[in-house]
Amino acid sequence: MHNYDFILQTLDQYVTPNRKKHILSVFETAKNIVWDQNCQSLLEKAEIAALLHDISKNFSYTLHLDIIKKYALPVTSEDLETPEVLHAFTGAAVAKNLFPQLIDEEIYNAIFYHCTGKADMSLLEKILFLADYIEPDRSYESCMKVRHYYQQNKEEKNGLDQAVYLSLEETVDHLTRNREKINSRTIQAKKFYEHTKEELKNQETAFIERNNQHGKSTFPERNCTRDCKDTKREKCD
């Protein structure tokens, strides 16, 4: 691990202890995904993006608006109607302002889209997007399902894309069931990765067959039986 004490010290000024715990968990998860996908050249960028992805999470709505205006961020009126995702956009700007020598375009975009996702994500964007969803401190059923799926299929062809698609599908399904607004970037991302759906279905079936015991699958149930409102990507908890 590189020495990121200077980033951690800065985080202490911006986020709560609980938020920092989540950030560090995403940091470790992102590193693991880098190694899983044999893309070690992205390790440092993934570490930096993970450490800074939630730097503005605890900002007020008014402060988000001020930052959006100050940096002329490409935030739409629709984005303003899903305020839970604003910290991704403002976080990218804040990180770039605080650490201009570290934040290149690739890291900036990974932070910017870590909540909503987008069509045709870069490898770094997918790593951060998935790490934020499956980090082990998340105990919600949808997160556990995607985490379990990724662990079982990370070495398969397109395993990362399939896990990204599954997280997008879980998000859209949850928000649809609860009649909550879905950011169009998330819809576009899900449509882009639709091509993984059939392969995902085939591997899920194979996984169930491998783990079927006494006629009952050990694959996690899709539908959440608890109140898991905060699992949605729009909340990006």
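Residues numbered from 1 in each chain as written. Predicted model: local features only at pLDDT ≥ 70, side-chain atom pairs only at ≥ 80, totals over all residues. Heavy atoms only, no water.

Details of the overall build of the chain
Check the secondary structure of the chain and you find 12 helices and zero strands. Seen in sequence order, the chain has helices and strands lined up from the N terminus as α-α-α-α-α-α-α-α-α-α-α-α. Considering only contacts within the chain whose residues lie at least 6 apart along the sequence, 70% involve residues at least 24 apart. Per element, the accessible surface of the chain, about 11300 Å² overall, is 47% carbon and sulfur. (Helix = DSSP H or I, 4+ residues; strand = E, 2+ residues; numbered from the N terminus. Contact = heavy atoms within 4.5 Å. Areas by Shrake-Rupley, 256 points an atom, 1.4 Å probe, with all protein chains shown as cover.)

Observations concerning the packing of helix H10 (residues 159–177) against helix H11 (residues 184–192)
When two helices pack together, their arrangement is given by the angle between the helix axes and the distance between those axes. Two elements in contact, H10 and H11, have axes whose closest approach is 9 Å; the angle formed by their N-to-C orientations is 135°. Considering their axes alone, H10 and H11 lie oblique with respect to each other. For the element pair H10 and H11, the recorded crossing hand is left-handed. Along the contact surface, H10 presents Tyr 165, Leu 168, Glu 169, Thr 171 and Val 172, while H11 presents Thr 186, Ile 187, Ala 189 and Lys 190. Residues belonging to the contact of H10 with H11 are distributed by class as follows: five nonpolar, two polar and two charged. (Axes fitted to C-alpha atoms, helices over the stretch in contact; angles between N-to-C directions. Parallel < 35°, antiparallel > 145°, perpendicular 65-115°, else oblique. Left-handed = near helix turned anticlockwise from the far one by under 90°. Nonpolar A, V, L, I, M, F, W, Y, C, P; charged D, E, K, R; others polar.)

Details of the confidence of the model for the chain
Parts of the prediction with low pLDDT should not have their coordinates interpreted in detail. Put simply, the chain has an average pLDDT of 88, and 84% of its residues get 70 or more. Note on residues 216–235: pLDDT under 50 across the span, and 58 contacts to partners over four residues away in sequence or across chains. (pLDDT = per-residue confidence, 0-100.)

A word on the packing of aromatic side chains
This structure, assessed with the given rule, holds seven aromatic pairs. Between Phe 6 and Phe 99 the ring centres are 5.9 Å apart and the planes differ by 70°, which places this aromatic pair in the edge-to-face class. Linking Phe 6 in helix H1 (residues 5–14) with Phe 99 in the loop between helix H6 (86–98) and helix H7 (105–112), this pair joins segments that are 93 residues apart in sequence. According to the relative accessible area criterion, Phe 6 is partly exposed, its value standing at 36%. Measuring from centroid to centroid gives 6.1 Å for Tyr 108 and Phe 112, while their planes differ by 20°, and the two rings are stacked. One end of the pair, Tyr 108, and the other, Phe 112, are both in helix H7, four residues apart, so they sit about a helical turn from each other. The ring of Tyr 113 has Lys 118 lying over it, and the distance from NZ or CZ to the ring centre is 5.5 Å. (Phe/Tyr/Trp six-rings, centres within 6.5 Å; stacked < 30°, edge-to-face > 60°. Buried < 20%, exposed > 50% of the residue type's maximum accessible area, 1.4 Å probe, protein only. Lys NZ or Arg CZ within 6 Å of the ring centre and 35° of its normal.)

Let's talk about the environment of Asp 54
Mapped onto the elements of the fold, Asp 54 is located in the loop between helix H3 (43–52) and helix H4 (61–70). Expressed as a C-alpha distance, the spacing of Asp 54 and Lys 20, which sit 34 residues apart in the sequence, is 8.6 Å. Beyond its immediate sequence surroundings of up to four residues, Asp 54 is in contact with Val 15, Arg 19, His 22, Ile 23, His 87 and His 114. Polar side-chain contacts of Asp 54 include one of 3.3 Å to the side chain of His 114. (Polar contact = N/O pair within 3.5 Å; in protein donor to acceptor, adjacent residues only side chain to side chain.)

Considering the environment of Tyr 4
Topologically, Tyr 4 is positioned in the segment before H1. Distance from Tyr 4 to Glu 47, taken between C-alpha atoms, is 9.2 Å for residues 43 residues apart in sequence. Setting aside anything within four residues of it in sequence, one finds Tyr 4 in contact with Phe 27, Glu 44, Glu 47, Ile 48 and Leu 51.

Concerning helix H2 (residues 17–36)
Taking 1.5 Å of rise per residue, 20 residues should cover 28 Å, and H2 covers 29 Å from first to last C-alpha, within 8% of that figure. When H2 is considered as a whole, its buried residues turn out to be Arg 19, Lys 20, His 22, Ile 23, Ser 25, Val 26, Phe 27, Thr 29, Ala 30, Lys 31, Ile 33 and Val 34. Along its buried surface, H2 packs onto H1, H3, helix H8 (123–134), helix H9 (141–153) and H10. Looking one or two places after H2, you find Asn 38, whose phi comes out positive at around 55°. (Expected span 1.5 Å × (residues − 1).)

Points about unusual backbone geometry
Positive phi outside glycine occurs at Asn 38, with the angle close to 55°. For Asn 38, the location among the structural elements is in the loop between H2 and H3. You can call Asn 38 exposed: its relative accessible area is 60%. Here Asp 120, not a glycine, exhibits a phi torsion of approximately 55°, which is positive.

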